[in-house]
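Fold and geometry: a report
Chain by chain, the residues:
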Amino acid sequence: MILGFWLDQPVWLMFTLLAGLFLTFCALLSLLTALPWTREGTRRLATGIVPPYIGVVAVLLALLTGFVANDAWERQRQANRVLQAERSHALAVYDLSIASAPDMSSLRTSLFAYLEAVVKEEWPSMAATGASAPSAGQALGRLLQAAADPRTAAEAGEATHAALLEAVMQLRSARSERLALSAARSDESKWLTLLVLAGLTLTAIALVHCERPYAQATTLFLFSAAVVTTLGVIALHERPFDGPLALSPEPIRLARAAMEAGGR
C-alpha cells in the first residue's frame, strides 16, 4: 500500500520522499553518536568494529538491488515486446484481409473498432486501475467471430482462413499478456527488504565513523545519495503501464492510422 502510494507520485516527489527518508535516518544516526546521553553507549557498541565490516551488509544490499533492478527492467522490456507484438498481429490481420479474395470490410471495421477501444479506453483504464476495458473485449470478440466465419474459409480458401484466424488469436494472446502485466502488483516485501538493508548499512557506516563526526556525515551523505539515485531509477521502471515511464499506445494508434489511410 505504501509502495503503491510512493509509485503514484510524480518523479520529483518520488525522489524527494526517498531522500527525505534517508536524510531523516542519517540525522538520527548522527544524533545518537553526538548527544551526550547516547554518545557513550554508541561508542561502546562501535568499539572493535573494523571498517571492512561495512562491506558485509553492503554486499547483501548490492545483490538484492541487482535482483530488483533486473526484475523491473525485464518487466519493462516484456511490456514493450507485448506492445510491439500486438501491433504486428493487428497489421497481419489487416494485410490478410486485404490480400484475400472475398470482401472483408466488416472484419476490418471490427479491427479498427478494437484498436480504437484499446487506445482511447483500455489504455487509460490500465493506467488508472490496471483493468481492461469492456468495449475492447467486445470489439475483439466481434473480430474473432468475423475471422472464424466458415464462409471465409469457403471463399478465401483454407490456408488464408487458417492464417487469418491464427493472426487474430495471436492478437488476442498479446492483449491478454498485456493485461496480465498491467494487473500485476509490485512486491512490497522486496522493497521493504531493500530499505532495511540500506538502513543496516547506514548504521554500520555510522558506527565505524562514530569518533569522526565530519567523516561520518560525509560517508552517510554519499551512501544515501547513491542509494536514493539507484532505488529511484529502479522505481521508475517498476510499473510499465502506469508508472512515470509508462509505455504509450502510440504504436497501436499509428498502426491504425496507417491502415485507415491504406498505407499498409
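The structure displayed is predicted, hence computed values, not measured ones. (Residues numbered from 1 in each chain as written. Predicted model: local features only at pLDDT ≥ 70, side-chain atom pairs only at ≥ 80, totals over all residues. Heavy atoms only, no water.)

1. A few points about the overall build of the chain
Tallying secondary structure elements over the chain gives eleven helices and zero strands in all. Going residue by residue from the N terminus, the α and β elements of the chain occur as α-α-α-α-α-α-α-α-α-α-α. Against the 2.2 N^0.38 benchmark of 18 Å for 264 residues, the chain shows a C-alpha radius of gyration of 27 Å, more extended than a compact globule. C-alpha extents for the chain along the principal axes are approximately 90 × 30 × 30 Å. In the chain, buried positions account for 42% of the 264 residues. A separation of at least 24 residues holds for 78% of the contacts in the chain among residues at least 6 apart in sequence. Of the roughly 13500 Å² of accessible surface on the chain, 65% is carried by carbon and sulfur atoms. Of the side-chain charges in the chain, 21 are positive and 22 negative, and the distance between the mean point of each set is 7 Å. (Helix = DSSP H or I, 4+ residues; strand = E, 2+ residues; numbered from the N terminus. Rg over C-alpha atoms; globule rule 2.2 N^0.38 Å. Buried < 20%, exposed > 50% of the residue type's maximum accessible area, 1.4 Å probe, protein only. Contact = heavy atoms within 4.5 Å. Areas by Shrake-Rupley, 256 points an atom, 1.4 Å probe, with all protein chains shown as cover. Lys, Arg positive; Asp, Glu negative; His and termini not counted. Charge placed at Lys NZ, Arg CZ, Asp CG, Glu CD.)

2. What about helix 8 (residues 158–183)?
Along an α-helix, a turn takes 3.6 residues, which lines up residues three or four apart on a common side. Taking 1.5 Å of rise per residue, the 26 residues of helix 8 would be expected to cover 38 Å, and the 37 Å separating its terminal C-alpha atoms lies within 8% of that figure. Taken together, the buried positions of helix 8 are occupied by His161, Leu164, Ala167, Val168, Leu171, Ala174, Arg175, Arg178, Leu179, Leu181 and Ser182. (Expected span 1.5 Å × (residues − 1).)

3. Comments concerning the packing of helix 5 (residues 105–129) against helix 8
Where helix 5 meets helix 8, the axes come as close as 13 Å, and the angle between the chain directions of the two elements is 5 degrees. Here helix 5 is positioned roughly parallel relative to helix 8, judged by the angle of their axes. Residues Leu107, Leu111, Tyr114, Val118, Glu122, Trp123 and Met126 of helix 5 form the contact with helix 8, whose own contacting residues are Leu164, Leu171, Arg175, Arg178, Leu179 and Ser182. Taken together, the residues of the contact of helix 5 with helix 8 break down into nine nonpolar, one polar and three charged. (Axes fitted to C-alpha atoms, helices over the stretch in contact; angles between N-to-C directions. Parallel < 35°, antiparallel > 145°, perpendicular 65-115°, else oblique. Nonpolar A, V, L, I, M, F, W, Y, C, P; charged D, E, K, R; others polar.)

4. Examining the side chain of Arg108
Among the structural elements, Arg108 can be located in helix 5. At 3.2 Å, the side chain of Arg108 forms a polar contact with the backbone oxygen of Ser97. Look past the residues within four positions of Arg108 in its chain and what remains in contact with it is Tyr94, Ser97, Ile98 and Asp103. (Polar contact = N/O pair within 3.5 Å; in protein donor to acceptor, adjacent residues only side chain to side chain.)

5. A closer look at the layout of surface pockets
What the largest pocket holds in volume is close to 340 Å³. Lining the largest pocket are Ile2, Leu3, Phe5, Trp6, Leu17, Leu18, Leu21, Glu188, Trp191, Leu192 and Leu195. Counting residues per element, the ones that place at least two in the lining of the largest pocket are helix 1 (2–7), helix 2 (11–34) and helix 9 (188–208). Split by residue class, the lining of the largest pocket holds ten nonpolar, no polar and one charged. Each pocket or cavity is described by its volume, and for the second largest pocket that value is around 180 Å³. (1 Å grid on protein atoms, 1.4 Å probe; cavity = no way out; pocket = protein on both sides within 12 Å on 5 of 7 lines; lining within 4 Å. Points joined across faces, edges and corners; volume = space filled by probe spheres on them.)

6. Focus: the UniProt feature "transmembrane region" (unreviewed entry) in the chain
The positions UniProt marks with the feature "transmembrane region" (unreviewed entry) are residues 12–37, 49–69, 191–208 and 214–236. Secondary structure within residues 191–208 divides into 100% helix and 0% strand; the distance between the first and last C-alpha atoms comes to 26 Å. As annotated, residues 214–236 has a helix share of 100% and a strand share of 0%, and its two end C-alpha atoms lie 33 Å apart. (UniProt positions renumbered as here; feature names shortened; annotations may be inferred.)

7. Focus: the side chain of Arg75
Summarising the element assignment, Arg75 is placed in helix 4 (residues 53–99). The exposure class of Arg75 is buried, given its relative accessible area of 17%. A polar side-chain atom of Arg75 sits 2.9 Å from a polar atom in the side chain of Asp71. In this structure Arg75 touches Leu181, Lys190, Glu238 and Pro240, once residues within four positions along its chain are discounted.

8. Some words on the environment of Thr230
Here Thr230 lies in helix 10 (residues 213–236). The exposure class of Thr230 is partly exposed, given its relative accessible area of 36%. Taking C-alpha positions, Thr230 is 18 Å from Gly4, a pair spaced 226 residues apart along the chain.

9. Some points on a nonpolar patch on the surface
A surface patch of nonpolar side chains, about 330 Å² in accessible area, is lined by Leu23, Phe221 and Leu222. Tracing the sequence through the fold places Leu23 in helix 2. (Patch = residues over 30% accessible without salt bridge, like charges linked within 9 Å, V, L, I, M, F, W, Y side chains within 5 Å. Salt bridge = Lys/Arg side-chain N within 4 Å of Asp/Glu carboxyl O.)

10. Section: empty space enclosed by the protein
Summed over the entire model, instances satisfying the criterion amount to one cavity of 30 Å³ or more. Reported here for the largest cavity is a volume of approximately 60 Å³. Arg75, Leu181, Ser182, Ala184, Arg185, Ser186, Glu238, Arg239, Pro240, Phe241 and Asp242 together form the lining of the largest cavity. When grouped by side-chain class, the residues that make up the lining of the largest cavity number four nonpolar, two polar and five charged.

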